[in-house]
Amino acid sequence: MKNSRPVYSTERGHLSPPARRREARPPSDPRVPDDGVVRIFRDRSGRQGKVVTVIRGLPARELQARATELRRLCGAGGAVKDGAIEIQGDHRERIADRLRQLGHTVKLAGG
């Protein structure tokens, strides 16, 4: 057969060009306006079913200090990623109460 060629080889792996895929948006990239309101999301996409509380809208200069305070408040781990604070577990109400005490306008967003 003249039009036949290998598609996969154990020596070199895939030989065919990869199929076109739709460009995926980052999993936790909800479009959040910059209006001074702190939004608190519950997210589990891309985390193998584990729930994470995501806080967006805090000023960049206080992210690290606020993340440390909120991790202690919730007794959970977390990190600062892409301008947002991620706290392991669903702690939206507790975090919202604390941020309101600090004078922020808070909105619970998402599931």
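Rules used throughout
- Residues numbered from 1 in each chain as written.
- Predicted model: local features only at pLDDT ≥ 70, side-chain atom pairs only at ≥ 80, totals over all residues.
- Heavy atoms only, no water.
- Helix = DSSP H or I, 4+ residues; strand = E, 2+ residues; numbered from the N terminus.
- Buried < 20%, exposed > 50% of the residue type's maximum accessible area, 1.4 Å probe, protein only.
- Contact = heavy atoms within 4.5 Å.
- Areas by Shrake-Rupley, 256 points an atom, 1.4 Å probe, with all protein chains shown as cover.
- pLDDT = per-residue confidence, 0-100.
- Pairing = 2+ DSSP bridges.
- Salt bridge = Lys/Arg side-chain N within 4 Å of Asp/Glu carboxyl O.

Enquirer: What is the right way to read the overall build of the protein from this model?
Expert: If you tally the helices and strands in the protein, you get two helices and seven strands. For the protein, the sequential pattern of α-helices and β-strands runs β-β-β-β-α-β-β-α-β. Here the protein holds 111 residues, and the buried ones make up 31% of them. Sequence-distant contacts, at least 24 apart, represent 44% of the contacts inside the protein between residues at least 6 apart. Of the accessible surface of the protein, which amounts to about 8200 Å², a share of 46% is contributed by carbon and sulfur atoms.

Enquirer: Would you mind showing me how to read unusual backbone geometry here?
Expert: Most peptide bonds take the trans form, and the phi angle of most residues other than glycine is negative. One non-glycine residue, Asp 82, lies in the positive phi region at around 50 degrees. Relative to the assigned elements, Asp 82 resides in the loop between β5 (78–81) and β6 (84–88).

Enquirer: I would appreciate a short explanation of the confidence of the model for the protein in the present structure.
Expert: Any region with low pLDDT has predicted coordinates that should not be read closely. When the pLDDT values of the protein are averaged, the result is 81; 71% of them are 70 or greater. Highest mean pLDDT in the protein belongs to helix α2 (residues 92–101) (95); lowest belongs to strand β2 (residues 13–14) (59).

Enquirer: Explanation requested: the pairing of β6 in the structure shown.
Expert: Successive side chains on a regular strand alternate, one facing one side of the sheet and the next facing the other. Across the five residues of β6, four count as buried, placing the element largely inside the fold. Of the strand pairs in this sheet, strand β4 (residues 52–56) and β6 are connected by four bridges, and their pairing is antiparallel. Bridging from a neighbouring strand, Val 52 pairs with Gln 88 of β6. Linkage of β5 to β6, two consecutive antiparallel strands, is achieved through a turn of two residues, within which Asp 82 is found at a positive phi near 50 degrees.

Enquirer: Would you mind going over the pattern of salt bridges with me for this structure?
Expert: A side chain of one charge can pair with a side chain of the opposite charge if their charged atoms are brought near each other. If you walk through the whole model with that rule in mind, you get six salt bridges. Of the charged contacts, one joins Glu 62 and Arg 66 as a salt bridge, the two residues approaching to 3.3 Å between their closest N and O atoms. With its nearest N and O atoms 3.9 Å apart, the salt bridge here joins Lys 81 to Glu 86. Of the residues examined, Glu 86 reaches a relative accessible area of 10% and is grouped as buried. Several salt bridges share partner residues, and in doing so they unite Glu 62, Arg 66, Glu 69 and Arg 98 into one network.

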